[in-house]
Amino acid sequence: AELHPQVLSSSEAMAAGHMDQVQDAEEELVDIPMETKLKDPLWHMKIRKGTFVGTVEDIEEGQNTKERLYRIRYADGDLEHFTSNDVRKYQDLEAMAGSLPTAAVK
């Protein structure tokens, strides 16, 4: 599977000087209750990042920071975590509009 540009392993991030990504990668992620996920408006949001398309498949939060992170699964099987701002930035409005119920035409 093809790697996405922002997905770095800890060693790659260190080599590239991205220590903030290393610290984020080392924070333990904890699951949040399904009831909370279902109430989140970004749950199952469709994503388009360049030519890659995916969906928010899970929501977790940092054990220390409590920042909510959205796990994106791309069509090619790759995974990436987004913040809520990233989800909104890359939401696929066309795909989301296509999945909404439409009024019957008379």
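See the structure above.
Going along each chain's sequence as written, the residues are numbered from 1 onward. Totals for whole chains, interfaces and linings use all residues, but because this is a predicted model, local features are given only for residues with pLDDT of at least 70 and pairs of side-chain atoms are given and counted only at 80 or more. Water and hydrogen atoms were dropped before computing side-chain values, which therefore reflect all heavy atoms in the structure.

A. View of the pairing of strand E2 (residues 46-49). Throughout this description, buried means an accessible area under 20% of the type-specific maximum (1.4 Å probe, protein chains only), exposed means over 50%, and partly exposed covers the range between. Comment: elements are numbered from the N terminus, with helices defined as DSSP H or I runs of at least four residues and strands as E runs of at least two. Going residue by residue along E2, you find Ile47 and Lys49 tucked away on one face and Lys46 and Arg48 left uncovered on the opposite face. Pairing between strands is defined by DSSP: at least two bridges between the two strands are required. As judged from the four bridges shared by E2 and strand E3 (residues 52-62), these two strands associate in the antiparallel manner. Residue pairing across strands places Lys49 opposite Phe52, the latter belonging to E3. Hairpin geometry of E2 and E3 is characterised by an intervening segment of two residues between the two adjacent antiparallel strands and by a positive phi of about 65° at Gly50.

B. Focus on the side chain of Glu80. Within the element layout of this structure, Glu80 appears in strand E5 (residues 79-82). In this structure Glu80 comes out as buried when scored by relative accessible area, which is 6%. Any N or O atom pair separated by 3.5 Å or less is treated as a polar contact, with the protein-specific requirement of one donor-capable and one acceptor-capable atom, and with residues adjacent in sequence counted only for side-chain atom pairs. At 2.6 Å, the side chain of Glu80 and the side chain of Tyr74 are in polar contact.

C. Spatial organisation of the pattern of salt bridges. Each reported salt bridge corresponds to a side-chain nitrogen of Lys or Arg within 4 Å of a carboxyl oxygen of Asp or Glu. A full pass over the atoms with the stated rule returns ten salt bridges. One salt bridge connects Lys37 with Asp58, and the closest N-O pair in it is separated by 2.6 Å. Here Asp58 lies in strand E3 and Lys37 lies in helix H3 (residues 34-39), a separation of 21 residues in the sequence. Asp58 matches Lys37 in its accessibility class, with the two residues each being buried. Through salt bridges that share partners, Asp31, Lys37, Glu57, Asp58, Glu60, Arg71 and Arg73 make up one connected network.

D. Region of the structure containing the nonpolar core. If you look at the biggest cluster of nonpolar residues, it comprises 14 residues, and the most contacted ones within it are Ile47, Val56, Ile72, Phe82 and Val87. Broken down by secondary-structure element, the contributors of at least two residues to this core are E3, strand E4 (68-74) and helix H4 (84-90). With residues near it in sequence (within four places) discarded, Phe82 still touches Ile47, Lys49, Arg68, Leu69, Tyr70, Ile72, Tyr74, Val87 and Tyr90. In this description, a nonpolar core means a group of buried Ala, Val, Leu, Ile, Met, Phe, Trp, Tyr and Cys residues linked to one another through side-chain atoms lying within 4.5 Å. Contacts are residue-level and defined by heavy atoms, with any inter-residue pair within 4.5 Å sufficient.

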